[in-house]
Amino acid sequence: RLFAEFENYKKRTSRERVELFKTASQELMTALLPILDDFDRGLAEIKKAKDKELLKGMQLINDKFKNTLVQKGLSEIEVKAGDVFDAEVHDAITQIPAPNDK
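This text gives an overview of the structure that appears in the document. (Residues numbered from 1 in each chain as written. Predicted model: local features only at pLDDT ≥ 70, side-chain atom pairs only at ≥ 80, totals over all residues. Heavy atoms only, no water.)

**Some thoughts on the overall build of the chain**
On a plain count of helices and strands, the chain comes out with 2 helices and 0 strands. When burial is assessed residue by residue, the chain has 10% of its 102 residues classed as buried. When contacts within the chain are restricted to residue pairs at least 6 apart in sequence, those whose partners lie at least 24 apart make up 37%. Of the roughly 9600 Å² of accessible surface on the chain, 57% is carried by carbon and sulfur atoms. (Helix = DSSP H or I, 4+ residues; strand = E, 2+ residues; numbered from the N terminus. Buried < 20%, exposed > 50% of the residue type's maximum accessible area, 1.4 Å probe, protein only. Contact = heavy atoms within 4.5 Å. Areas by Shrake-Rupley, 256 points an atom, 1.4 Å probe, with all protein chains shown as cover.)

**Overview of the pattern of salt bridges**
Counted according to the given criterion, the structure contains 5 salt bridges. Between Arg 12 and Glu 16 there is a salt bridge, and its shortest N-O distance comes to 3.8 Å. Here Glu 16 and Arg 12 lie together in helix H1 (residues 2–49), a separation of 4 residues that amounts to about one turn. Residue classification places Arg 12 among the partly exposed positions, given a relative accessible area of 39%. A relative accessible area of 47% means that Glu 16 is categorised as partly exposed. Taking the shortest distance from any N to any O, the salt bridge between Arg 41 and Asp 38 comes out at 2.4 Å. One end of the pair is Arg 41 and the other is Asp 38, both in helix H1 and 3 residues apart, which spans about a single turn. With a relative accessible area of 46%, Asp 38 lands in the partly exposed category. (Salt bridge = Lys/Arg side-chain N within 4 Å of Asp/Glu carboxyl O.)

**Description of helix H2 (residues 52–71)**
Given 3.6 residues to a turn, an α-helix orients residues that are three or four positions apart in the same direction. For H2, which comprises 20 residues, the first-to-last C-alpha distance of 28 Å matches the rise-based estimate of 28 Å (1.5 Å per residue) to within 8%. Among the residues of H2, Leu 55, Asn 62 and Leu 69 are the ones counted as buried. Summarising the axial view, the buried residues of H2 lie within an arc of 55°, below the 170-degree limit, and thus occupy one face. The exposed set on the far side of H2, more than 90 degrees from its buried face, consists of Glu 53, Lys 56, Leu 60, Lys 64 and Gln 71. (Expected span 1.5 Å × (residues − 1). Arc of directions from axis to C-beta.)

And the structure:
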């Protein structure tokens, strides 16, 4: 009986550890997304400055950052303006009040 309890304990702690790592990775990815957006906006501004060497260096860093996120399980989804919002796939980033029909 003691052996069976110990085996159940090992299985439970193993599942909890896996769940903890999964949750931690998800939280980290969520925290990095706004930084990725800022990086993209920064690259757009650097392109306007026409400094080719700076742009090349920043694009290398950006590519490395994105590749690392992909290796850790993050994938980009294509969303176009006017697409239907699907709560299973999309996250709302802002709220806009609906127009009144008065």
